[in-house]
Amino acid sequence: MTDTTQNTRILLASRPHGEPTADNFHIERAPLPEPADGEVLLRTIYLSLDPYMRGRMNDAKSYAAPVELGSVMEGGTVSEVVESRDDSLEVGDLVLSHVGWQAYGVQPARHVRKLDPARAPISTAVGVLGMPGFTAYAGLLEIGRPQPGETVVVAAAAGPVGSAVGQIARIKGARAVGIAGGPDKVAWLEELGFDVALDHRSPTFRADLEAAVPDGIDVYFENVGGHVWDAVLPRLNTYARVPVCGLVAHYNETEPPAGPDRSSRLMAAILTKSITLRGFIQHEFVKARYRSFQEEVSSWIGDGSLRYREDIVEGLDNAPDAFFGLLTGKSFGKLLVQVGTDPTR
Ligand code: NDP
C-alpha cells in the first residue's frame, strides 16, 4: 500500500478562517528521510485524527505551539520501524510515535514506545488505550469523581473520549447519560449500556434531557460547548463537577457567538450551586494516573465492560476530508487513517 521509494507528506499550507478547507493543506511527495544515530525511520500504519489538530492550525497562543506554515501536520501515529540506528529498537518493531501526517518519518528512539500486539490491537495505542482513552479516564476520575448512584452526562458520547467516559461512569456505579448526533450513534450508546442516550440534533433535545435526568446532573463531562452546554447548565446539581475537556462546537468560531453575554448567568450558577468547573489537558495527569489507566482499562476491555469502536479511513491523501468530518460529527468512533499495511491484521 505504501510507496517504499518516496515519502508522502501533508503540510499546513495556510491557516483556516473558520472551517478548515482543502486549500489549507498541501500534499507532496518527498525523498525518504534518513535517521541519524539514536533515531529510527518509521513507516506509518495508522495516523490518529483528533479535534485538537484544529487548534494547532491557528497562529494563536495556546497550551501547545501551532504547526508552522509549510510544516507537516502533527499527529499521533502507530508505525513500524524500517531502519534503526538505536540499540533499543529493531526493524519490524511496532511503536507508538508522533510522526504526523506523513507516510514515513524519523524520530529519536527514546521518543517512541514499543507496542506488544499480543496485548491489544496496535491501533488502540492511539485510541482507547492511548491519549483519548486516558483523557476520559483521568478527566472523569480526577475531576468528575462520580459516586455510585450519581448521574453523569457526557457530550460527544459516541467519540473515543465520550464513549469511554460513559462506560467508566457505569463501571463506577453511576448512571450514564450520553449525548450524540443522530440515531445510529444513539443506538450504539444504548448497545454499550448507557442508561439513556439522547440526540442533540433532535428538536426535542432540551425536553429529552430534562426527562433523562429527573434528579439533576452531578457530573457533566464537557466535550462540546454550544447548545448542549446551554441545555445542561440549568440541570446541574449543587456541588456538580464539570471536567472541561473540549469545546469542539467552538473550534471553528471566528468571533464570539451572537446573543446576550451569558457569563453573569454562568457565574451565578457556579456561585449559588457551588459548582466546580475545571479545565484540563490530559498530560497533567500522566504521572499520577497513566499506569493505573493502562492496567484498569486493559482489564475492562478484557472482561467486556469497556467497548470501543474505530472508524478507519483508507489512504493518507484522504486525511483532510476525514478531518473535516471529525469536526462536524461525520466520524463514528475513534477516527484513524490507515496509511500503510498493518502486519498484525
Ligand atoms: P470525537 O470523535 O467525539 O469528535 C468530536 C465530536 O463532537 C463529533 O463527532 C460530533 O459528534 C461532536 N460535535 C461536533 N460539533 C458539535 C456541536 N456543535 N454540538 C455537539 N456536538 C458536536 O472527538 P474525541 O472523542 O477525540 O474528543 C472529544 C473532545 O475531547 C474534543 O472536544 C477534544 O478536543 C477533547 N479532547 C481534550 C483533551 C484534553 O486533554 N483536554 C484530549 C483529547 C480530546 P456528534 O455526531 O455526536 O455530534
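Located above this text is the structure these notes cover.
Residues numbered from 1 in each chain as written. Predicted model: local features only at pLDDT ≥ 70, side-chain atom pairs only at ≥ 80, totals over all residues. Heavy atoms only, no water.

Moving on, we come to the overall build of the chain. The helix and strand inventory of the chain stands at nine helices and 15 strands. Compactness check: the chain gives a C-alpha radius of gyration of 21 Å against a globular reference of 20 Å for 345 residues, within 12% of the reference. Per-residue burial over the chain gives 51% buried out of 345 residues. Sequence separation of at least 24 residues holds for 68% of the intrachain contacts in the chain that already meet a minimum separation of 6. Once the 33 positive and 44 negative side-chain charges of the chain are each reduced to a mean point, those two points are 5 Å apart. (Helix = DSSP H or I, 4+ residues; strand = E, 2+ residues; numbered from the N terminus. Rg over C-alpha atoms; globule rule 2.2 N^0.38 Å. Buried < 20%, exposed > 50% of the residue type's maximum accessible area, 1.4 Å probe, protein only. Contact = heavy atoms within 4.5 Å. Lys, Arg positive; Asp, Glu negative; His and termini not counted. Charge placed at Lys NZ, Arg CZ, Asp CG, Glu CD.)

In a regular helix each residue adds 1.5 Å, so 17 residues correspond to 24 Å; helix 8 (residues 286-302) covers 22 Å between its end C-alpha atoms and thus fits that length. Remark: the principal bend of helix 8, roughly 30°, maps to Phe 293. For helix 8, the set of buried residues is Arg 289, Phe 293, Gln 294, Val 297 and Trp 300. On its buried face, helix 8 sits against strand 7 (113-114), helix 2 (131-144) and helix 3 (160-171). (Expected span 1.5 Å × (residues − 1). Bend = angle between axes of the 7 residues up to and from the residue.)

Bringing the sheet that holds strand 8 (residues 151-154) into the picture now. One key point about sheets: their strands pair by backbone hydrogen bonds, in either a parallel or an antiparallel sense. Here six strands make up an open sheet; going across it, the order is 10-9-8-11-12-13 and the pairing parallel. At either end of the open sheet lies a strand with only one pairing partner, and these are strand 10 (196-199) and strand 13 (276-279). The sheet shows a mean angle of 15° between the axes of neighbouring strands, taken without regard to direction. Summarising the sheet, strand 11 (residues 217-221) and strand 12 (residues 236-244) pair through two bridges and their orientation is parallel. The partner of Val 219 across the bridge, within strand 12, is Arg 241. (Pairing = 2+ DSSP bridges. Axes fitted to C-alpha atoms, helices over the stretch in contact; angles between N-to-C directions.)

Taken together, 28 residues surround the ligand, and among them Gly 181, Lys 185, His 200, Tyr 251 and Gln 282 come closest. A distance of 2.7 Å separates an oxygen atom of the ligand from a polar side-chain atom of Lys 185. Side-chain polar atom of Tyr 251 to an oxygen atom of the ligand: 2.7 Å apart, as the coordinates give it. Coverage of the ligand by the protein amounts to 92% of the 910 Å² it exposes when considered alone. Looking at the shell around the ligand, the elements with two or more residues in it are helix 2, helix 3, helix 6 (226-232) and helix 9 (319-328). Each of domain 1 (7-126 + 308-338) and domain 2 (131-301) gives at least three residues to the shell around the ligand. (Near = heavy atom within 4 Å. Polar contact = N/O pair within 3.5 Å; in protein donor to acceptor, adjacent residues only side chain to side chain. Areas by Shrake-Rupley, 256 points an atom, 1.4 Å probe, with all protein chains shown as cover. Domains from an automatic or database assignment.)

As a further point, take the pattern of salt bridges. If you walk through the whole model with that rule in mind, you get 16 salt bridges. Across the salt bridge formed by Asp 317 and Arg 29, the nearest N and O atoms sit 3.4 Å from each other. Highlighted residues: Asp 317 in the loop between strand 14 (310-314) and helix 9 and Arg 29 in strand 2 (residues 25-31), separated in sequence by 288 residues. Ionic pairing is found between Glu 191 and Arg 307, a salt bridge with its closest N-O pair at 3.2 Å. (Salt bridge = Lys/Arg side-chain N within 4 Å of Asp/Glu carboxyl O.)

The next thing to look at is the nonpolar core. Counting residues in each nonpolar core, the largest one holds 37 residues, and the members touching the most others are Leu 140, Ile 168, Leu 189 and Val 297. Mapped onto this core, the elements with two or more residues apiece are helix 2, strand 8, helix 3, strand 9 (175-180), helix 4 (183-192), strand 11 and helix 8. Of all the elements, helix 2 adds the most residues to this core, at seven residues. Look past the residues within four positions of Ile 168 in its chain and what remains in contact with it is Tyr 137, Leu 140, Leu 141, Trp 300 and Leu 306. With 24 residues, the next largest nonpolar core counts Leu 12, Leu 47, Leu 49 and Ala 103 among its residues. (Core = buried A, V, L, I, M, F, W, Y, C linked by side-chain atoms within 4.5 Å.)

Of the two faces of strand 8, the one holding Thr 151 and Val 153 and the one holding Val 152 and Val 154 are both buried throughout. In terms of handedness, the path from strand 8 via helix 3 over to strand 9 forms a crossover that is right-handed. Pairing between strand 8 and strand 11: three bridges, direction parallel. Within the sheet, the bridge partner assigned to Val 154 lies in strand 11 and is Phe 221. (Right-handed = clockwise from strand over helix to strand, strands pointing away.)

As a packed pair, helix 2 and helix 3 sit with axes 8 Å apart at the nearest point and diverge in direction by 45°. Here helix 2 lies oblique to helix 3, going by the angle between them. Along this stretch, helix 2 crosses helix 3, giving a crossing that reads as right-handed. Seen from helix 2, the contacting residues are Pro 132, Thr 135, Ala 136, Tyr 137, Leu 140 and Leu 141; seen from helix 3, they are Pro 160, Val 161, Ala 164, Val 165, Ile 168 and Ala 169. The residue inventory of the contact of helix 2 with helix 3, partitioned by class, reads eleven nonpolar, one polar and no charged. (Parallel < 35°, antiparallel > 145°, perpendicular 65-115°, else oblique. Left-handed = near helix turned anticlockwise from the far one by under 90°. Nonpolar A, V, L, I, M, F, W, Y, C, P; charged D, E, K, R; others polar.)

Successive side chains on a regular strand alternate, one facing one side of the sheet and the next facing the other. Burial analysis of strand 3 (residues 39-48) places nine of its ten residues in the buried class, which makes it a mostly covered element. Looking at chain direction, strand 3 and strand 4 (residues 77-84) are connected through seven bridges and run antiparallel. For Leu 42, the partnering residue across the bridge sits in strand 4 and is Val 81.

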